[in-house]
Amino acid sequence: GAAAGAGGFAESRAKSGPQRGVLQSQRSTAPKVIDIMSSSAADLGDLPPEFCVDMRRFRDPAAGELKQHDGRHPGIIRRLAAHPAYAEWARTMQERMDEFASGKVSYPFLVFFCNAGRHRSVAGSLILEYVAAQLGMGSKIEHRSLPYNHKQCGCEVCVGGHVERQAALALAWSKWVDANCMP
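**Details of the sheet that holds strand β3 (residues 109–114)**
- Pairing is parallel in the open sheet, where four strands are placed in the order β2-β3-β1-β4. Because the sheet does not close on itself, it has two edges, and the strands there are β2 (52–54) and β4 (138–143). On average, each strand axis in the sheet is tilted by 25° relative to the strand beside it, whichever way the strands run.
- Here strand β1 (residues 33–40) pairs with β4 via six bridges, running parallel.

**A short note on the side chain of R120**
- Of note, R120 is situated in helix α5 (residues 120–134).
- For R120, the side chain forms a polar contact with the main-chain oxygen of R56, separated by 3.1 Å.
- Apart from residues lying up to four places away in sequence, R120 is in contact with M55, R56, F58, R59, L80, C114 and N115.

**Topic: the confidence of the model for the protein chain**
- Averaged over all residues, the pLDDT of the protein chain is 83; the fraction at 70 or higher stands at 81%.
- Per-element confidence in the protein chain is highest for β2, whose mean pLDDT is 97, and lowest for helix α2 (residues 24–27), whose mean pLDDT is 34.

**Some remarks on the pairing of β3**
- Counting buried residues along β3, six of its six residues qualify, which places the element largely inside the surrounding structure.
- Of the two faces of β3, both are covered, the one formed by F109, V111 and F113 as well as the one formed by L110, F112 and C114.
- Note that β1 and β3 share six bridges and pair parallel. Bridge assignment links S40 to a residue of β3, and that residue is C114.
- Bridge count for β2 against β3 is three bridges, and the pairing is parallel. Within β3, the residue paired with D54 across the bridge is F113.

**Notes on the pattern of salt bridges**
- Within this structure, the stated rule accounts for five salt bridges.
- K140 is paired through a salt bridge with D35; the nearest N and O atoms lie 3.6 Å apart. Note that K140 is positioned in strand β4 and D35 in strand β1, a separation of 105 residues in sequence.
- Note on D35: relative accessible area 2%, which makes it buried.
- With a shortest N-O distance of 4.0 Å, R96 and E99 are connected by a salt bridge. Remark: E99 and R96 occur in helix α4 (residues 86–102); sequence separation between them is three residues, near one turn of the helix.

Each value, and the rule that gives it
Residues numbered from 1 in each chain as written. Predicted model: local features only at pLDDT ≥ 70, side-chain atom pairs only at ≥ 80, totals over all residues. Heavy atoms only, no water. Pairing = 2+ DSSP bridges. Helix = DSSP H or I, 4+ residues; strand = E, 2+ residues; numbered from the N terminus. Axes fitted to C-alpha atoms, helices over the stretch in contact; angles between N-to-C directions. Polar contact = N/O pair within 3.5 Å; in protein donor to acceptor, adjacent residues only side chain to side chain. Contact = heavy atoms within 4.5 Å. pLDDT = per-residue confidence, 0-100. Buried < 20%, exposed > 50% of the residue type's maximum accessible area, 1.4 Å probe, protein only. Salt bridge = Lys/Arg side-chain N within 4 Å of Asp/Glu carboxyl O.

Here it is, written out as structure tokens:
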């Protein structure tokens, strides 16, 4: 499995993770909880590469005024879902979700990274959080780089904007379903 060789990192994360205290026999029947993180490439530190998902392929040089916002903005989520690389990414991520659901991976964890950890990685992690919920899995999300160096946008759409964000995430889910030929 993708996370089988993670060694001490997964074990140390698992001790503080959402499954703490759950007996091994109960884990197989308990709903899967996926730890999701967004990060800048520079902040990856000692994270094992098998957990890391490079979001830099989602280049968007025409983002214009959206650059002042962060990946929680519905416009950024919609643009990521409309990107030519999205369908392939959704298929790859669905394979990971299938591995997590099957129990082949002892510690379901993914970190999405891009250059600054502000736009693509944040939007990708929010999409995966939404997808996990649609697939009946729980998730815990952390934006490792967003709160630092004034990267977090404080506008109402990024901070609030729940209805708009949910609509953008629903669109991303619809494109996910299409990319994976799901009913």
